[in-house]
Amino acid sequence: MQVPRPLQQLFDHFPLRTYGANDLPDRSQRLTSSDLPTLYVFSTDSDARLGLPSFNPACLKWQTLLRLAGLEFRILPSTNHASPTGSLPFLLPPRTSSTASSPPIPASKLLAYARQHTSAELDPEFPLRSQAYLSLVTLSLRNAWIHALYLDPSHTALLQRLYVRPASSSRGVQATLLYQLRRAAAEQIANTAGSSSSAVLSTAAASSADAIDEEAVYAAARDALAALASLLRESPTGWFFGAERPGMFDANLFSYTHLMMEFMGEEDVSVVEAGGGALGRMVKEAGNGELARHRDRMLAVTWP
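Values in this document were obtained by computation on a predicted structure and should not be read as measured data.

Parameters and conventions
Residues numbered from 1 in each chain as written. Predicted model: local features only at pLDDT ≥ 70, side-chain atom pairs only at ≥ 80, totals over all residues. Heavy atoms only, no water. Core = buried A, V, L, I, M, F, W, Y, C linked by side-chain atoms within 4.5 Å. Buried < 20%, exposed > 50% of the residue type's maximum accessible area, 1.4 Å probe, protein only. Helix = DSSP H or I, 4+ residues; strand = E, 2+ residues; numbered from the N terminus. Contact = heavy atoms within 4.5 Å. Salt bridge = Lys/Arg side-chain N within 4 Å of Asp/Glu carboxyl O. Expected span 1.5 Å × (residues − 1). Arc of directions from axis to C-beta. Polar contact = N/O pair within 3.5 Å; in protein donor to acceptor, adjacent residues only side chain to side chain. Pairing = 2+ DSSP bridges.

> What is the right way to look at the nonpolar core in this model?
As a rule of thumb, nonpolar side chains are buried together in soluble globular proteins. Counting 77 residues, the largest nonpolar core has Leu141, Leu228, Leu279 and Leu291 as its most contacted members. Among the elements that make up this core, the one with the highest residue count is helix α6 (residues 129-151) (10 residues). Sequence-distant contacts of Leu141, defined by excluding residues within four places in its chain, comprise Leu136, Ala221, Ala224, Leu225, Leu228, Leu253, Tyr256 and Met260.

> Where do I start with unusual backbone geometry in this structure?
For residues that are not glycine, phi is negative in most cases, and the peptide bond is trans in most cases. Between Leu88 and the following residue, Pro89, the backbone shows a cis peptide bond with an omega angle of 5°. Summarising the element assignment, Pro89 is placed in the loop between β2 (74-77) and β3 (90-92).

> How should the pattern of salt bridges be read in this particular structure?
Opposite charge on two side chains allows them to pair when their charged atoms are near. Counted according to the given criterion, the structure contains four salt bridges. One salt bridge in this structure joins Glu187 and Arg183, with 3.5 Å as the shortest N-O distance. Taken as a pair, Glu187 and Arg183 lie in helix α8 (residues 171-192) at a separation of four residues, close to a single helical turn. Take Glu187: its relative accessible area is 31%, and that puts it in the partly exposed class. Under the relative-accessibility criterion, Arg183 is labelled partly exposed at 36%. Notably, a salt bridge pairs Asp296 with Arg295, separated by 3.4 Å at the nearest N-O pair. The exposure class assigned to Asp296 is partly exposed, which follows from its relative accessible area of 41%. Relative accessible area serves as the criterion here: at 10%, Arg295 is assigned to the buried category. Salt bridges sharing partners connect three or more residues here, namely Glu262, Arg295 and Asp296.

> Would you explain helix α9 (residues 214-233) in this entry?
Note on helix geometry: an α-helix contains 3.6 residues per turn, so any two residues three or four positions apart are oriented the same way. For α9, with 20 residues, the first-to-last C-alpha span of 29 Å sits near the 28 Å given by 1.5 Å per residue. Taken as a whole, α9 has its buried residues at Val217, Tyr218, Ala221, Ala224, Leu225, Leu228, Ala229, Leu231 and Leu232. Along α9, the residues classed as buried sweep out an arc of 160° about the axis, all on the same side. Structural note: α9 exposes Glu215 and Asp223 on the side pointing more than 90 degrees away from its buried face. Structurally, α9 contributes buried residues whose contacts are with α6, α8, α10 (248-263), α12 (279-285) and α13 (290-302). A distance of 3.3 Å separates the backbone nitrogen of Glu215 from a side-chain oxygen at the start of α9, and that oxygen is part of Asp213.

> For this particular structure, what's the right way to read the side chain of Ser168?
Along the chain, the position of Ser168 falls in the loop between α7 (156-164) and α8. A relative accessible area of 18% means that Ser168 is categorised as buried. Non-local contacts of Ser168, meaning those with residues more than four positions away in its chain, are made with Val173 and Gln174.

> Explain the pairing of strand β1 (residues 38-41) here, please?
Of the two faces of β1, the one holding Thr38 and Tyr40 and the one holding Leu39 and Val41 are both buried throughout. Here β1 pairs with β2 via four bridges, running parallel. Bridge assignment links Leu39 to a residue of β2, and that residue is Ile75. Examined bridge by bridge, β1 and β3 share three bridges and lie antiparallel to one another. Residue pairing for β3: Tyr40 is matched across the bridge by Phe90.

Spelled out as structure tokens, the structure:
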């Protein structure tokens, strides 16, 4: 394709030039340079300094797994916008110099990273039925957590404190973000309901919180907790599937049961009787308290 003569004359006077990449700002170097790997998670500045559990289930699962592996690492608060994949967490390996750095490790590769740097058995061969039980965590418990935090008006203050206010000090931006988070939460619950309509009252309005059958969501979570408690009761070791030490399944479940008990355990009992989401109370009352004890044991192992 021929460049028109007037444009060619213009570029002859102002030639295009490609400059080399700029060095990262000094502040960025200080934040990302460490002798330890850095796990970027949803957290507060004070919690990150103490290495406390993340308030986000996806981040907490991998934070727990790395601790189970016995790896030393630090955490820094971040947002999805900073992640190479668009979602947290991700791990930045130790920076050996200011000019050369290893690429970030997304969540999908954290298990492989942990296996490479530890001799601990993190993902033993579980029976095939483990996938069915895992779906109780990743679907039923996840939907209940999402509904309680994002769609239940009684937790609006908590949602704003954890996700909305840290993103911006502008009230207009906060209001927009709150709307977007709630809309995305309703869509996620509707999408994971699959072909079943029990959790969605109106597929045409599936992006609305009013379209979600709240009672069905929490009933599914209560049934899932009961099934998981019954499964754990069968284990002679206190860890799932009779494993000698906690593994990936335990970390998955802990990432929800811990947050449910930590943030949502004080609702009035009338809320539960009405089908609402006192999730912490559900965890404590599941089975004979197996899941609550499992959560306490996980804390003792990973955050002694």
